[in-house]
Amino acid sequence: MTFEELSLHRNIAQAIKEAEYTKPTEIQEKAIPIILEGHDLVGCAQTGTGKTAAFAIPVLNYLIPIVGSMKKRKQIRTLVLAPTRELALQIEESFNDYGKYTNCTTLTLYGGVSQNAQVDKLKEGVDILIATPGRFLDLNKQGFIDINHLHHLIIDEADLMLDMGFINDVRKITKLASQNRQTLLFSATMPIEVREIADEFLTKPKYVEVKSTVSNSQNINQSIYFVEKSEKKQLLLHVIKDLELKDAIIFVRTKHGAENVVEFLTKHNINANALHGDKSQSARQKVLEDFKDKKIDFLVATDVASRGIDIDQLPVVINFDLPNISETYIHRIGRTGRAGNSGIAVSFCGKDEEVYWKEITKLLKSKVKTIDNHPFPWKSNSSAKNKKTADSATNTTKKQSNNRSGKNNSRKSENSKKNKRRWY
């Protein structure tokens, strides 16, 4: 399929042509026709597959005749909910790129900054509103938002909405929105909880899924190190120096873990900074900009904070902690090896993470090289077993010796009694 076959409005077709898009990606090819037909949709595809364009292009195509000229009064026709500021801004950029020859206007709402500028733009009127749930509800409560004319409700990164505790906010927003709407739900992974949410919010939805495999990512050199959990930081230092790595995202499981890794690397004169949800929006934006500008060599990030990061030609991804969801591994390493470039994906696996790695390998079609020759491998249990066997043998010998001694003493006692009887 080509974009021409989708029969899009000429103004959008022109913007797509200028972006040098010729053929839709798999998620776009599957999702766009369904959205154009007006169905509710659940779409599952990892980052880098063109997920944002899969909903932005058909939504803009629908809005063009409704929005009309710039003189027509602006009302919120489309609402996109995103979990982080970074992702929200990225979505707005996509709408602006594909809709640059339309009269559709966009606005992004997010917390961590003054609301005054956002309120002023809301008062001017907007067609497409992209928002984080908390700031949306705050401004709605103050009476600055009207979604009574809503045509589309889009929930992006639904799995992160769950992880970040936004699901109750999303429920409140769906109740505020007109029931006569088209609802689209997109997610990089699709756990059972997300499917339950889809059943709650959507009406007879169509399901589209792009399989999360790295079979087409042969340009990513993947390796796995089995390491004692207590030695992970030392191994990280060893790998960075041994492979001469830099310009890498290091994925960790927790915010506290991110700060610990940054502190460790800084002590060893390695330039790193953390990206996680406990930092303010402005601080997170500054860290991200510093990494893009190569002012820092390593970005230590949690999965939640890293969604929405769009960095071209990222050479290295390091899984300091393995994710407990297999698809998240695909999502992480998919940030490298893009656009025909080669990439490196290094993973550490502690004994407590072995079950995660077994699940991940079921998903992979390409081989992952196991690195055995490193200073901090899992300690073998053989020595302990040998010691146990030796101790057991020693105890057995002692028992046998004691038994012999007991028998000898018994004989001596009997002989003594006999001698005594003879004496008397």
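Structure shown above.
Thresholds applied
- Starting afresh in each chain, residues are numbered from 1 along the sequence in its written order.
- Given that this is a predicted model, residues contribute local features only at a pLDDT of at least 70 and side-chain atom pairs are listed and counted only at 80 or more, while totals for whole chains, interfaces and linings are drawn from all residues.
- Calculation of side-chain values draws on the structure's entire complement of heavy atoms; hydrogens and water are dropped beforehand.
- Only DSSP runs of H or I with at least four residues qualify as helices, and only runs of E with at least two residues qualify as strands; both kinds are numbered from the N terminus onward.
- Working definition: with a 1.4 Å probe on protein chains only, accessible area under 20% of the residue-type maximum means buried, over 50% means exposed, and in between means partly exposed.
- Two residues qualify as a contact provided that any one of their heavy atoms is within 4.5 Å of a heavy atom in the partner residue.
- Accessibility throughout is a Shrake-Rupley quantity obtained with a 1.4 Å probe, and a residue counts as covered only by protein chains that appear here.
- Excluding any residue in a salt bridge, patches collect residues exceeding 30% relative accessible area, merging like charges within 9 Å and nonpolar Val, Leu, Ile, Met, Phe, Trp and Tyr side chains within 5 Å.
- Salt bridges are defined as contacts in which a side-chain nitrogen from Lys or Arg sits within 4 Å of a carboxyl oxygen from Asp or Glu.
- Counted charges follow a simple rule, with Lys and Arg positive, Asp and Glu negative, and His plus the chain ends left uncounted.
- Throughout, a charge is located at the NZ atom of Lys, the CZ atom of Arg, the CG atom of Asp or the CD atom of Glu.
- In summary, the pairing rule links any two rings of Phe, Tyr or Trp, Trp by its six-membered ring, whose centres are within 6.5 Å, and it sorts them by plane angle into stacked for under 30 degrees, edge-to-face for over 60 and tilted for everything else.
- Geometrically, a charge over a ring is one whose NZ (Lys) or CZ (Arg) sits within 6 Å of the ring centre while staying within 35 degrees of the ring normal.
- The pairing criterion is simple: DSSP has to find at least two bridges between the two strands.
- Axes here refer to lines fitted to C-alpha atoms; in helices the fit is confined to the stretch in contact. Angles between the N-to-C directions go from 0 to 180 degrees.
- The scheme is simple: roughly parallel for angles under 35 degrees, roughly antiparallel for over 145, roughly perpendicular for 65 to 115, oblique for anything else.
- For a crossing to be left-handed, the near helix must be turned anticlockwise from the far one by less than a right angle; the clockwise case is right-handed.
- In this count, Pro and Cys sit with the nonpolar residues alongside Ala, Val, Leu, Ile, Met, Phe, Trp and Tyr, while Asp, Glu, Lys and Arg are called charged and the others, Gly among them, polar.

What follows concerns the overall build of the protein chain. A tally of regular secondary structure across the protein chain gives 16 helices and 14 strands. Here the protein chain, with 424 residues, has 49% of them falling under the buried criterion. Relative to all contacts within the protein chain whose residues are 6 or more apart in sequence, the contacts with residues 24 or more apart total 75%. Counting only carbon and sulfur atoms, one obtains 46% of the accessible surface of the protein chain, whose full area is about 21,800 Å².

So, on to a negative patch on the surface. Residues Asp-163, Glu-193, Glu-196 and Asp-199 make up a contiguous surface patch of negative charge. Tallying contributions element by element places helix α9 (residues 192–201) first for the negative patch, with 3 residues. Within the secondary structure, Asp-199 is located in helix α9.

This part covers the packing of aromatic side chains. Here the structure, examined in full by the defined rule, presents 8 aromatic pairs. With a centroid separation of 5.8 Å and an interplanar angle of 75°, the aromatic rings of Tyr-329 and Trp-357 are classed as edge-to-face. Of this pair, Tyr-329 sits in helix α14 (residues 326–333) while Trp-357 sits in helix α15 (residues 354–363); the two residues are 28 residues apart in sequence, bridging distant segments of the chain. Residue class for Tyr-329 comes out buried when judged on its relative accessible area of 0%. What makes Trp-357 buried here is its relative accessible area of 8%. Among the aromatic side chains, those forming a connected cluster through ring pairs are Phe-3, Tyr-21 and Tyr-98. Between the NZ or CZ atom of Lys-232 and the centre of the ring of Phe-320, over which it lies, the distance is 5.6 Å.

Bringing the sheet that holds strand β4 (residues 128–131) into the picture now. Taken together, 7 strands build an open sheet; the order of strands is β3-β4-β2-β5-β6-β1-β7 and the sheet is parallel. Looking at the sheet topology across the chains shown, the edges are occupied by β3 (106–109) and β7 (206–209). If you compare each strand with its neighbour and ignore which way they point, the axes differ by 15° on average. Examined bridge by bridge, strand β1 (residues 41–44) and β7 share 4 bridges and lie parallel to one another.

Glancing now at the packing of α14 against α15. Running from N to C, α14 and α15 cross one another at 70°; their axes reach a closest spacing of 8 Å. By the angle between their directions, the pair α14 and α15 is classed as roughly perpendicular. Relative to α15, the crossing made by α14 is right-handed. Each of Ser-326, Glu-327, Tyr-329 and Ile-330 in α14 lies in contact with α15, whose residues at this interface are Trp-357, Glu-359, Ile-360 and Leu-363.

The next thing to look at is the pattern of salt bridges. By the definition in use, this model includes 15 salt bridges. With its nearest N and O atoms 3.0 Å apart, the salt bridge here joins Glu-26 to Lys-30. Here Lys-30 and Glu-26 lie together in helix α2 (residues 26–36), a separation of 4 residues that amounts to about one turn. A relative accessible area of 42% places Glu-26 in the partly exposed class. Two residues, Arg-253 and Glu-353, come together in a salt bridge whose shortest N-O distance is 3.0 Å. You can see Arg-253 sitting in the loop between β9 (248–251) and α11 (255–267) and its partner Glu-353 sitting in the loop between β13 (343–349) and α15, a full 100 residues away along the chain. Judged by its relative accessible area of 40%, Arg-253 falls in the partly exposed class.

Although it is not a glycine, Lys-204 sits at a positive phi angle of roughly 45°. Position of Lys-204 among the secondary structure elements: in the loop between α9 and β7. What makes Lys-204 exposed here is its relative accessible area of 74%. Its identity is not glycine, yet Glu-244 carries a phi of approximately 55°, on the positive side. With respect to the element layout, Glu-244 can be found in the loop between α10 (232–242) and β9. Overall, Glu-244 belongs to the exposed group, its relative accessible area being 69%.

As a further point, take the packing of α10 against α11. In the contact formed by α10 and α11, the axes pass within 11 Å of each other and the chain directions differ by 55°. On the basis of their axis angle, the class for α10 and α11 is oblique. α10 and α11 meet at a crossing whose hand is right-handed. Together, Lys-233, Gln-234, Leu-236, Leu-237 and Ile-240 of α10 and Asn-260, Val-261, Phe-264 and Leu-265 of α11 make up the contact between the two elements. When grouped by side-chain class, the residues that make up the contact of α10 with α11 number 6 nonpolar, 2 polar and 1 charged.

So, to be careful, I would describe these as geometric facts and stop short of saying anything about function.
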